[in-house]
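If you want the building blocks of each chain, they are given just below.
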Amino acid sequence: MTATNLSTNVPRGSYWITTFGCQMNKADSERMAGILEAMGYRAGTDEHSADLVLYNTCTIRDSAEQKVYSYLGRQAQRKRINPNLTLVVAGCVAQQEGESLLRRVPELDLVMGPQHANRLDTLLAQVEQGQQVLATGEQHILEDITTARRDSQVCGWVNVIYGCNERCTYCVVPSVRGQEQSRLPEAIKLEMQGLAARGFKEITLLGQNIDAYGRDLPGITPEGRRAHTLTDLLHHVHDVAGIERIRFATSHPRYFTERLIDACADLPKVCEHFHVPFQSGDDDVLKAMARGYTVDRYRRIVERIRERMPDASISADAIVAFPGESDAQYRRTLALIEEIGFDLVNTAAYSPRPNTPAADWPNQLSEAVKVERLQELNALVERTAQQRSNRYAGRCEQILVESSNPKNSNQVMGRTRTNRLTFFPAQNAHGSPIKPGDLVTVQIEEVRAFSLSGKLA
Ligand code: SAH
Ligand code: SF4
Ligand code: F3S
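Residues numbered from 1 in each chain as written. Chains lettered and ligands numbered in written order. Predicted model: local features only at pLDDT ≥ 70, side-chain atom pairs only at ≥ 80, totals over all residues. Heavy atoms only, no water.

(A) Region of the structure containing the overall build of the chain. When helices and strands are counted, the chain shows 14 helices and 19 strands. Its C-alpha radius of gyration of 23 Å places the chain within 12% of the 23 Å reference for a compact globule of 457 residues. Counting every position in the chain, which comprises 457 residues, the buried fraction comes to 54%. In the chain, the proportion of contacts linking residues at least 24 apart, taken out of those at least 6 apart, comes to 71%. With the model as given, the accessible surface of the chain reaches about 19600 Å², and the carbon-plus-sulfur share is 50%. Between the centroid of the 53 positive side chains of the chain and the centroid of its 56 negative side chains there is a distance of 2 Å. (Helix = DSSP H or I, 4+ residues; strand = E, 2+ residues; numbered from the N terminus. Rg over C-alpha atoms; globule rule 2.2 N^0.38 Å. Buried < 20%, exposed > 50% of the residue type's maximum accessible area, 1.4 Å probe, protein only. Contact = heavy atoms within 4.5 Å. Areas by Shrake-Rupley, 256 points an atom, 1.4 Å probe, with all protein chains shown as cover. Lys, Arg positive; Asp, Glu negative; His and termini not counted. Charge placed at Lys NZ, Arg CZ, Asp CG, Glu CD.)

(B) Geometry of the site of ligand 3. The environment of ligand 3 is made up of Cys22, Asn25, Cys58, Thr59, Ile60, Cys92, Arg177 and Gln208. Residue composition of the shell around ligand 3, grouped by class: four nonpolar, three polar and one charged. (Near = heavy atom within 4 Å. Nonpolar A, V, L, I, M, F, W, Y, C, P; charged D, E, K, R; others polar.)

(C) Highlighting the domain arrangement of the chain. According to the domain assignment, the chain consists of domain 1 (13–135), domain 2 (152–271), domain 3 (278–391) and domain 4 (393–456). For domain 1 versus domain 2, the distance between C-alpha centres works out to 28 Å. Domain 1 puts 16 residues into the contact, and the matching count from domain 2 is 15 residues. Summing both partners gives a buried area of about 1400 Å² for domain 1 against domain 2, and 58% of it is carried by carbon and sulfur. In terms of surface lost to domain 2, no three residues of domain 1 exceed Gln23, Met24 and Gln115, which account for 40% of the buried area on that side. Where domain 1 packs against domain 2, one counts one salt bridge. Across the pair Asp28 and Arg177 runs a salt bridge whose closest N-O atoms are separated by 3.0 Å. The tally of links from domain 1 across to domain 2 stands at four residue pairs in polar contact (both at pLDDT 80 or more). Taken together, the elements giving at least two residues each to the side of domain 1 that touches domain 2 come down to helix H2 (23–39) and helix H4 (91–97). In terms of residue count, the dominant contributor to the side of domain 1 that touches domain 2 is H2 (eight residues). (Domains from an automatic or database assignment. Buried area = accessible area lost by both parts, 1.4 Å probe. Salt bridge = Lys/Arg side-chain N within 4 Å of Asp/Glu carboxyl O. Polar contact = N/O pair within 3.5 Å; in protein donor to acceptor, adjacent residues only side chain to side chain.)

(D) Looking closely at helix H9 (residues 230–237). Of all the residues in H9, the buried ones are Leu230, Thr231, Leu233, Leu234 and Val237. Buried residues along H9 cover an arc of 160 degrees about the axis, so they all sit on one side. Those residues of H9 that are buried are in contact with helix H8 (185–197), strand S10 (202–206), strand S11 (245–249) and helix H10 (258–266). (Arc of directions from axis to C-beta.)

Take a look at the structure:
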């Protein structure tokens, strides 16, 4: 059987996908769901009765990896009773563990790394022939021809660069996601046009280090610049009709350029929100992390963003208790958060990862220090976020409606251009319902650290 006659849509039972980890994985899951539906699977309603179960896994920290094993244990048991169950592990744990995952959970039918997501149909064809399949080789990522099954009808993710060529000493991503591979601007724009035609309003361009976009593509401009950069890409895709908002993530302070800031300020659809992880507020820790920038450079980026877009929101990631981090160094991270006034910071205590340099260093910190620092950091992050939220009180904000509020069906929810989640009544003054995809103006009445509420203005 070949991949082609697999996609002829013979009924194949139900599937269930659970996704762990970052937006990259969520985007991959949506494409894999699209492939499964093209093969004749239908979306199941229950993880424990589906005919095919796929876990798209994350290994960024040990806790993320361990979660997968507990999920797998339950499915392996089910497979012993029902041998027709197809069990798939995709994503970053699959790539990291490969063969040893098959030994640990012999009930698995397919273990596939993230670079193989678009080949799911071909791999399942091999499974249907009775093989246990391992797909973790370095792979040139194919442009997928299937339509992704998207969770949202309003906001879509579009990959622009896969992989990461950085070597941050704590990070497992380069070893599980492989070398950088940029998609061509035409393919990206085509995908955005397809989404716009289906009613999508907001696109987030994705890459682990999105500022690296284009450096693996050929071409030099007459001025001697790289022909393909994120800035050029933003200009290239900006005119897609129907798309109202464009975001991108994740930015790397080492490669973040003034040209990019200027493009964001000049292009009306590009939202005033920047996710720029700083990881640590101490130069020596940054050096040990091999991040390639100083705290001062980071400050200048934020200053420049705020010069051009005074109301821009800035979010980031930070790690505490990196090997050897002293109390004074840790306090510089706290001080930087206070100084910058972040809208949001994703925080983590350092977790040693396989095949990363820092995991082998002798100066690891104790669990107690990790817990203590993380708690104090989180309290500060919440205080800072609350201060940043306060500025919205009484203001009118443009909100793109995403869905109804799962906790209160009388409300809908959406986001400001600066990415604050906002709740408000699901009907306008004339009693007509507000629908996902509507762009409305909301007067903010209540502000919380990480969300807002208001009424239609
Ligand atoms: N590409 C992005 C981050 C990708 S991973 C960047 O360069 O910033 C997402 C976040 O997980 C990181 O920003 C970091 O804060 C955190 N992280 C990565 N590896 C980690 C580790 N070993 N322990 C704790 N946190 C980690
Ligand atoms: Fe990991 Fe660094 Fe690459 Fe981000 S830039 S994915 S932290 S190696
Ligand atoms: Fe996790 Fe892989 Fe993303 S390790 S954070 S799912 S790139």
